[in-house]
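Working through the structure, step by step
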Amino acid sequence: MTTFTDTALTSLQLLTQFDPLLWSIVGRSLWVSVLATVLACSLGLVLGAWLGVSRFAGRDVLLTVLNTLLALPSVVVGLLIYLLLSRTGPLGHLGWLFSLKAMVLAQAVLVLPVVTALTRQCVEDAERNHGEQLQSLGAKPWLRSVLLAWDERYALLTVLIAAFGRAISEVGAVMVVGGNIEGFTRVMTTAIALETSKGDLPLALALGFVLMSVVLLLNACISALRRWRQRTDGAGSEPVQGVLA
Amino acid sequence: MTTDVRDALHLRDVSVQFNTHLALHGVNLHIKAGERVALVGANGSGKSTLLRVAHGLLKVSAGQVSEASDVKQAMVFQRPHMLRTSALRFVALGLWLQGTAWREAHARAMHALERVGLQDMAERSARTLSGGQQQRLALARAWGLQPNFVLLDEPTSSFDTKAKREVERLLAEWVAASHVSLLFSSHNLGQVKRLATRVIYLEAGRVLADLPVEEFFNQPLGESHPEAHLFLKGELG
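Calculation criteria
- Residues numbered from 1 in each chain as written.
- Chains lettered and ligands numbered in written order.
- Predicted model: local features only at pLDDT ≥ 70, side-chain atom pairs only at ≥ 80, totals over all residues.
- Helix = DSSP H or I, 4+ residues; strand = E, 2+ residues; numbered from the N terminus.
- Buried ≥ 20, exposed ≤ 12 C-beta atoms within 10 Å, placed from the backbone.
- Contact = placed C-beta atoms within 7 Å.
- Rg over C-alpha atoms; globule rule 2.2 N^0.38 Å.
- pLDDT = per-residue confidence, 0-100.
- Pairing = 2+ DSSP bridges.
- Axes fitted to C-alpha atoms, helices over the stretch in contact; angles between N-to-C directions.
- Parallel < 35°, antiparallel > 145°, perpendicular 65-115°, else oblique.
- Left-handed = near helix turned anticlockwise from the far one by under 90°.
- Nonpolar A, V, L, I, M, F, W, Y, C, P; charged D, E, K, R; others polar.
- Core = buried A, V, L, I, M, F, W, Y, C linked by C-beta atoms within 7 Å.

**Details of the overall build of chain A**
- When you go through chain A residue by residue, the secondary structure sums to ten helices and zero strands.
- Each helix and strand of chain A, placed in order from N terminus to C terminus, yields the pattern α-α-α-α-α-α-α-α-α-α.
- The dimensions of chain A, computed from C-alpha atoms along their principal axes, are 65 × 50 × 25 Å.
- Sorting the 245 residues of chain A into buried and exposed places 42% on the buried side.
- Contacts in chain A between residues at least 24 apart in sequence constitute 79% of all its contacts with a sequence separation of at least 6.

Following this line, the structure appears as structure tokens:
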């Protein structure tokens, strides 16, 4: 118990004294995860909205694959990206392996199915309610997907927050493709894993506090958004609940 | 699609099948410009399917649907689902989707809102309006499109008496002011008497009666069709 208390106090000191090592890791984590989320959302929102409205042969198979990808183990993603980016891999010439770019790519690949699947669900539910009316007014599927995605913008904002939460709390893939190089590719989750194994518990715990705070803040944002929507819109579809890993 | 100039809308031997269920079976229907036709029948008789086929929202499994080249349709649905926008923009969006410039769409939308008495609600979120107001908004959107053929799927079925009367009054005004054709489904036989000039009775996807409104309510349809008899007595919703 004394060890835990000492560790907690030392970690709080690191946080309050703005330990440069700790905050550089935090900054790097946020940067990688924000970029990965932007990348995944720019593709996932469009793809999800389109899937929510369009009907074509093989759609059910595609949705099954998409839903399966939701449970994709992060180390498997890391391994695949590693193979792609390794010197003998098809994208080896980019020289991205063990760089922040590789970590962004890995997190984006991991988050893309989350964004796509949740967006698809939101837009499909909206299509069920509004699709016929928009169709009656002459809106083609691509225009309906845009209009319905815009109509569900608050729910999609929740998707975006959830995606960021998934990205920042991920450890396996960034460990494999980033290499956890100090001062270069070390992020919060990989640093926690390493420092714990080394026995430097205060730094690991301090990073744990920050990570938990980020996830807590994201969930608070989701709750605030839901309450605000209920106030401004009256009755409406509920936003996608937080799925922060 | 071939066009029969005598009819605003013409359905020829139309059948619609959903998996194994035959929702419409060999329906023939001619609607002339200015006619006000009510579709009546029990739940599941094919009224909504027929309206959707007539509006082009559903493909037919067999048969043919044709309309005159000058027909401009608008449809009002049973439940007016509101988009997350203001009442004014909700109406303007309909016009914009039909090719009207956004600025002009706004002006015409405001005029449409005035027509249904919702001009003071123009900037309010459409979703915060009452059910009756939302249906008036849906009417405003349809009216704003300036159609000459309006389809309505049980437009008042989910509202209280006051809202029902208000929507019905607006419809009657609309019909009186323009030579608009109406094709609407309703369970409200009083409303059918007040609004329709012709009644089509559907049962299990088939047209069992197609009569002028007076004849429909006066002739003993029920003797040959017990289900129709129950429907007219109000015992079959």
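Back to the write-up after that little detour.
**Brief notes about the overall build of chain B**
- In terms of regular secondary structure, chain B is built from eight helices and nine strands.
- For chain B, whose C-alpha radius of gyration is 18 Å, the value lies close to the compact-globule estimate of 18 Å for 237 residues.
- In terms of overall dimensions, chain B has C-alpha extents of about 55 × 40 × 35 Å along its principal axes.
- A buried classification covers 42% of the 237 residues belonging to chain B.
- Considering only residue pairs separated by 6 or more positions, chain B has 68% of its internal contacts joining residues 24 or more positions apart.

**Structural notes on the interface of chain A and chain B**
- Listed per partner, the contact involves 15 residues of chain A and 13 residues of chain B.
- Broken down by secondary-structure element, the contributors of at least two residues to the side of chain A that touches chain B are α5 (100-136) and α10 (201-233) of chain A.
- The dominant element in the side of chain A that touches chain B, judged by the number of residues it contributes, is α5(A), at six residues.

**Notes on the confidence of the model for chain B**
All names here are of chain B.
- Summary statistics for chain B give a mean pLDDT of 89 and a share of 92% for residues scoring 70 or more.
- When the criterion is pLDDT under 50, residues 1-5 qualifies, and its contacts beyond four places in sequence or with other chains add up to ten contacts.
- This prediction of the complex comes with two scores: 0.83 for pTM and 0.85 for ipTM.

**Brief notes about the confidence of the model for chain A**
- For chain A, the mean per-residue pLDDT works out to 89, and 94% of the residues sit at or above 70.
- For the stretch residues 235-245 of chain A, pLDDT sits under 50, and the model shows 31 contacts to residues farther than four places along the chain or on other chains.

**A few points about the sheet that holds strand β1 (residues 9-18) of chain B**
Residues and elements named next belong to chain B.
- Here we have three strands laid out as an open sheet, ordered β2-β1-β4, and antiparallel in their pairing. With partners counted over all chains shown, the strands left at the sheet margins are β2 (21-31) and β4 (62-67), one partner each. Sheet twist, expressed as the average angle between the axes of neighbouring strands with direction ignored, equals 20°.
- In terms of strand pairing, β1 meets β4 through five bridges, oriented antiparallel. Of the residues in β4, the one forming a bridge with L11 is V65.

**Details of the sheet that holds strand β8 (residues 198-203) of chain B**
Residue and element names in this part refer to chain B.
- Across the sheet, six strands lie side by side as β5-β6-β7-β3-β8-β9; this open sheet has mixed pairing. Looking at the sheet topology across the chains shown, the edges are occupied by β5 (73-76) and β9 (206-212). Direction aside, neighbouring strands of the sheet carry axes that sit 15° apart on average.
- When β8 meets β9, the two strands line up antiparallel, connected through six bridges. Within the sheet, the bridge partner assigned to Y201 lies in β9 and is A209.

**With respect to the packing of α5(A) against helix α7 (residues 153-168) of chain A**
Residues and elements named next belong to chain A.
- With their axes 9 Å apart at the nearest point, α5 and α7 run at an angle of 155° to one another. The orientation of α5 relative to α7 falls into the category roughly antiparallel. Relative to α7, the crossing made by α5 is right-handed. Here Q107, L110, V111, V114, V115, L118, T119 and C122 of α5 come into contact with α7, specifically with A155, L156, V159, A162, A163, R166 and A167.
- For the contact of α5 with α7, a count of residues per class yields twelve nonpolar, two polar and one charged.

**Here we look at the nonpolar core**
- Counting residues in hydrophobic clusters, the biggest one holds 68 residues, and the most contacted among them are A38(B), A87(B), V91(B), L113(B), L137(B), A140(B) and V150(B).
- Excluding residues that lie within four positions of it along the chain, A87(B) makes contacts with L113(B), L118(B), M121(B), A122(B), R124(B), A126(B), L129(B) and L137(B).

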